[in-house]
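# Secondary and tertiary structure notes
The primary structure of each chain is shown beneath.
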Amino acid sequence: MATPLSADRFLAALRSGGLTVVEHRSWRTHNRNHKGLWGPVHGVMIHHTVTSGTTGSVDLCCKGHSALPGPLCHGVIAKDGTVYLVGFGRTNHAGLGDGDVLRAVIDETALPPDTSADTDGNARFYGFECVNLGDGRDPWPEAQVEAIEKVATAVCRAHGWSERSVIGHREWQPGKVDPRGLEMKDLRRGTRKRLALVVPGVPVHH
Ligand SMILES: [Zn+2]
């Protein structure tokens, strides 16, 4: 199933996944749908913000900047694990990436190296920006990493995807390094374990 979730289902999926979710401003209707496609969707992309501080990071991801209008993602994952929803629909997070990587995500097979930038990722991926300086020294607190796994699990469960539908920006677009300091294979392993757990009240999609 690759039709994007409704905003209501997206929010419910995250809350059912045990996450603390904050609805920032008019996130449900804040998007870039007037600039291009939103969907079909195939995965979840993880980023780092290159910022510090929750309030400023959330504000930046909501509004964007002069070179890149917001929203810059769907949700911002703070150091304490709180998820701030800033947009829904097409958002400016993935840019152009490798079409072979997209095919691997759709097929849920091993990822090839990202060597080309020929495919619009903003139409195809949910995007989450994690507050981190991206300097290789800023730590990733356990609460934040757990929230990233829970977010990935919630969206994958809602769509019936496996952990192979979770990728890092650096696996999509040549030249990107984010999320720096997070091992995507560890994140996928954690997501796989969480997907295997039965969650009361949440139907398992087959
Ligand atoms: Zn990124």
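If you're wondering where the values come from, they're calculated on a predicted model, not measured in any experiment.

### Some points on the layout of surface pockets
If you add up the space inside the largest pocket, you get close to 350 Å³. Around the largest pocket sit 21 residues that line it, and Leu68, His93, Glu129, His169 and Lys176 are the ones nearest its centre. Counting only elements with at least two residues in the lining of the largest pocket, the list comes to β2 (43-48) and α2 (54-63).

### What to know about the nonpolar core
With 34 residues, the main nonpolar core has Phe10, Leu14, Ile46, Tyr126 and Phe128 as its most contacted residues. Counting only elements with at least two residues in this core, the list comes to α1 (7-16), β2, β6 (83-85), β9 (125-130), α4 (142-159) and α5 (184-196). Per-element accounting of this core gives the leading share, eight residues, to α4. Those residues in contact with isoleucine 46 that lie beyond four places of it in its chain are Phe128, Cys130, Ile148, Val166, Ile167, Gly168, His169, Asp178, Pro179, Met184 and Leu187. By size, the runner-up hydrophobic cluster in this structure holds nine residues, among which are Cys62, Val76, Val86 and Val131.

### Some remarks on the pattern of salt bridges
Summed over all chains, the structure comprises 15 salt bridges. The salt bridge partner of arginine 188 is glutamate 171, with a shortest N-O separation of 2.8 Å. Taken together, the residues arginine 188 in helix α5 and glutamate 171 in the loop between β10 (166-168) and α5 connect sequence positions 17 residues apart. The buried category is assigned to arginine 188, whose relative accessible area is 16%. We classify glutamate 171 as buried; its relative accessible area is 17%.

Cut-off values and rules
Residues numbered from 1 in each chain as written. Predicted model: local features only at pLDDT ≥ 70, side-chain atom pairs only at ≥ 80, totals over all residues. Heavy atoms only, no water. 1 Å grid on protein atoms, 1.4 Å probe; cavity = no way out; pocket = protein on both sides within 12 Å on 5 of 7 lines; lining within 4 Å. Points joined across faces, edges and corners; volume = space filled by probe spheres on them. Helix = DSSP H or I, 4+ residues; strand = E, 2+ residues; numbered from the N terminus. Core = buried A, V, L, I, M, F, W, Y, C linked by side-chain atoms within 4.5 Å. Buried < 20%, exposed > 50% of the residue type's maximum accessible area, 1.4 Å probe, protein only. Contact = heavy atoms within 4.5 Å. Salt bridge = Lys/Arg side-chain N within 4 Å of Asp/Glu carboxyl O.

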